Amino acid sequence: MIERYIREDLRNWENYQVQPVTGRKMDANESPFPLDQSVRERLSAWILEKEDLRLYPDTDNTVLREAIAAYYGLSPENVTCGVGSDQLIDYLTKLFLEPGETILVPSPSFSMYQTAAEINHGKAVSFPLEPENDFQFSAEMILKSLKEVRPKILFLCSPNNPTGQGLKREDLLSILSKAGCVVVLDEAYGEFAENETLDLISRFPNLVSLRTFSKAYGLAGLRVGYALADPEMIRAIDRVRAPYNLNTFSQIAASCVIGRAEYKEHIRTIISERDRMYKALGALKGIKGFHCYPSQANYLFMQSDLPDLGARLLEKGLLVRAYSGKMSAYARVSVSDPETNTLFLEAIKEILLP
Ligand SMILES: *Cc1c(COP(=O)(O)O)cnc(C)c1O
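All of these numbers come straight from a predicted model, not from anything done at the bench. (Residues numbered from 1 in each chain as written. Predicted model: local features only at pLDDT ≥ 70, side-chain atom pairs only at ≥ 80, totals over all residues. Heavy atoms only, no water.)

Trainee: I tried to follow the overall build of the protein chain on my own but got confused; where do I start?
Mentor: A tally of regular secondary structure across the protein chain gives twelve helices and twelve strands. Taking 20 Å as the expected radius of gyration for a compact globule of 354 residues, we find that the protein chain reaches 21 Å, a close match to that expectation. Projected onto its principal axes, the C-alpha positions of the protein chain cover 60 × 55 × 55 Å. Of all 354 residues assigned to the protein chain, the portion counted as buried reaches 48%. If you take every contact in the protein chain between residues at least 6 apart in sequence, the share linking residues at least 24 apart comes to 72%. Summed over its atoms, the accessible surface of the protein chain is roughly 17,000 Å², and 53% of this surface lies on carbon and sulfur atoms. When the 40 basic and 47 acidic side-chain charges of the protein chain are each reduced to a single mean position, those positions are 2 Å apart. (Helix = DSSP H or I, 4+ residues; strand = E, 2+ residues; numbered from the N terminus. Rg over C-alpha atoms; globule rule 2.2 N^0.38 Å. Buried < 20%, exposed > 50% of the residue type's maximum accessible area, 1.4 Å probe, protein only. Contact = heavy atoms within 4.5 Å. Areas by Shrake-Rupley, 256 points an atom, 1.4 Å probe, with all protein chains shown as cover. Lys, Arg positive; Asp, Glu negative; His and termini not counted. Charge placed at Lys NZ, Arg CZ, Asp CG, Glu CD.)

Have a look at this one:
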C-alpha cells in the first residue's frame, strides 16, 4: 500500500539482517569479558542516588568527550560522539555527499559504508583486496583508484573487517598526503592492532578516525562510538548530528570505562588467544582448501572448500559469521574466552579432518 510513496531507490531495499542467536556467540566481534564489578557498582550507585532520567541528556556529551580527550591527550574539540560509530558513518555521508556522489571503499569490508552512502543518495565504488595477497592494503592500488574514481570520501577500515589486515603507517601517510578528499579511517578494532595513528589528526584536517566502545570495551549493548578529528571537521559533523543523540546512561557508562587498566589486560588476553588460534588453524592449512588469514583484530578470517562451514560449526554449538553469494567460501570467527576458543579449535578439526 505505501510502497508507492517510498523513495524509488529504496523500494527493494533490504534492511540489515542479523542472524538468529543460538550457541556460543563468535559472530559479532563482541567482547567475551563481562563489565568490571567496580564499574557496575558505580553505575548502580548512579541509578540509586543521582539519576535524573526525567531530563534530556547532555546534548554536547561533555563529560564523555572530556574523558575521551583526556585519555588520548587531545582536546574535547577533537571529539564528537555517535550512537555507535555506525551513526557517525551515516552522518559523514549525510554531511559530504551531494546526490549521486561517490565514496570509495575496500572490498570486502564493512557493509555500513555502502549502506550509509546509498541511504544518503550517494553511491559506493570499491577497490579490491586480494586473497592471494592476504587481503593486504596496497597504497599504490588505493591511490590509483582515488585518481580514477575521484570520490568525495575514502573509507578505510584498519584493521579491516572482515579480513583482519591493517594499513601500514607509511601507506596511510602517503594516502593522506595525496587523497584530495575526506578520509575516514574506521579503527573499530584499533585497540588490537599495533599501529598508532593519533598524531595524524593534527596533521591532516581531512582525516576522521572512527572508534567505538562496542568491541575492546565490551559495551556493544550501549551503542557508543566517537570520531577524533581536527576541530573544524568535528564542528562540521556536529551540524548534522541529531540533538541528544546519545542517551544519558550510555554517556556515563562509557566515560566510566575509558582508559581503565583492566581493558589493557583484556586486550592482551584477546591478542594472545588470537595468536594461539591462528597458530592452531595454521596446522590445518590446505585440508579441504582451508586457510586462515593473519589478523590484527579480535577475529580471524577463514576460507575453505566447504560452503556450509558456518552451518557445521553451528551444529556443534558455535555461531560464527558465515557469508553467502560470492563470499560463501569464507567465514569469520570472533576471538572469545579461552574455553570457547578451544571448543572452536576442536570443532573445526573434527569438521576438516577425515
Ligand atoms: C563493529 C564495527 C563498527 C562499529 O560499531 P558500533 O557498535 O556502531 O560502534 C564500526 N566499524 C566496523 C568495521 C565494525 O566492525
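Here the narrative resumes.
Trainee: Help me out: how do you make sense of the packing of helix 2 (residues 62–72) against helix 9 (residues 248–257) in this one?
Mentor: Helix packing geometry: the angle between the two helix axes and the distance between the axes. Their axes nearest at 8 Å, the elements helix 2 and helix 9 cross at an angle of 20°. With respect to helix 9, the axis of helix 2 lies roughly parallel. Crossing hand, helix 2 versus helix 9: left-handed. Contacts from Val63, Leu64 and Ala67 in helix 2 reach Gln251, Ala254 and Ser255 in helix 9. When the residues that make up the contact of helix 2 with helix 9 are grouped by side-chain class, the tally is four nonpolar, two polar and no charged. (Axes fitted to C-alpha atoms, helices over the stretch in contact; angles between N-to-C directions. Parallel < 35°, antiparallel > 145°, perpendicular 65-115°, else oblique. Left-handed = near helix turned anticlockwise from the far one by under 90°. Nonpolar A, V, L, I, M, F, W, Y, C, P; charged D, E, K, R; others polar.)

Trainee: Please clarify how the nonpolar core should be interpreted in this entry.
Mentor: Within soluble globular proteins, side chains that are nonpolar tend to cluster in buried spots. Core analysis: the largest hydrophobic core is formed by 51 residues, its most contacted members being Ile68, Leu146, Leu154, Leu156, Phe213 and Tyr226. It is helix 2 that provides the largest number of residues to this core, a total of five residues. When near neighbours in sequence (up to four residues on either side) are disregarded, Leu146 contacts Leu104, Pro151, Leu154, Ile175, Ala179 and Cys181. Counting residues in hydrophobic clusters, the runner-up holds 30 residues, among them Met26, Ala216, Met277 and Ala347. (Core = buried A, V, L, I, M, F, W, Y, C linked by side-chain atoms within 4.5 Å.)

Trainee: What should I look at first to understand the pairing of strand 10 (residues 299–303) in this one?
Mentor: The element strand 10 is extensively covered by neighbouring structure, given that four of its five residues are classed as buried. With two bridges joining them, strand 9 (residues 291–292) and strand 10 adopt antiparallel strand pairing. Note on strand 10: the bridge partner recorded for His291 is Gln303. Counted along the chain from strand 9 to the antiparallel partner strand 10, the turn is six residues long. (Pairing = 2+ DSSP bridges.)

Trainee: Where do I start with helix 6 (residues 169–178) in this structure?
Mentor: Because an α-helix completes one turn every 3.6 residues, residues spaced three or four positions apart along the sequence face the same direction. Taken together, the buried positions of helix 6 are Asp171, Leu172, Ile175 and Leu176. Viewed end-on, helix 6 has its buried residues packed into an arc of 130°, placing them on one side of the element. Opposite the buried face of helix 6, at more than 90 degrees from it, the exposed residues are Glu170, Ser177 and Lys178. Just downstream of helix 6 lies Gly180, where phi reads positive at about 65°. (Arc of directions from axis to C-beta.)

Trainee: Explain the sheet that holds strand 4 (residues 123–128) here, please?
Mentor: Working definition: the strands of a sheet are paired by backbone hydrogen bonds and lie parallel or antiparallel to each other. Ordered in space as 2-8-7-6-5-3-4, the seven strands form an open sheet in which the pairing is mixed. Only two strands of the sheet have a single neighbouring strand rather than two, namely strand 2 (79–82) and strand 4. Direction aside, the axes of adjacent strands within the sheet are offset by 25° on average. With four bridges connecting them, strand 6 (residues 182–186) and strand 7 (residues 207–212) associate as parallel partners. Looking across to strand 7, one finds that Leu185 is bridged to Ser209. The strands touched by helix 2 are strand 2, strand 7 and strand 8 (225–229); relative to strand 2, the strand with the most contacts, the crossing angle is about 125°.

Trainee: Is there a simple way to think about helix 10 (residues 261–282) in this case?
Mentor: Compared with an ideal rise of 1.5 Å per residue, which puts 22 residues at 32 Å, helix 10 spans 32 Å between its outermost C-alpha atoms and is within 8% of the ideal. Along helix 10, the residues classified as buried are Glu262, Tyr263, His266, Ile267, Ile270, Glu273, Arg274, Met277 and Leu281. The buried residues of helix 10 occupy an angular sector of 140° when projected down its axis, which confines them to one face. Across from the buried face of helix 10, at angles greater than 90 degrees, the exposed residues are Ala261, Arg268 and Lys279. (Expected span 1.5 Å × (residues − 1).)

Trainee: So what exactly am I meant to see when it comes to a nonpolar patch on the surface here?
Mentor: Residues Met1, Ile2 and Tyr5 make up a contiguous nonpolar surface patch of roughly 430 Å² in combined accessible area. Looking at where Tyr5 falls in the secondary structure, it is placed in the segment before strand 1 (24–26). Owing to a relative accessible area of 58%, Tyr5 belongs among the exposed residues under this scheme. (Patch = residues over 30% accessible without salt bridge, like charges linked within 9 Å, V, L, I, M, F, W, Y side chains within 5 Å. Salt bridge = Lys/Arg side-chain N within 4 Å of Asp/Glu carboxyl O.)

Without other data, these values stay purely geometric and don't point to any function.
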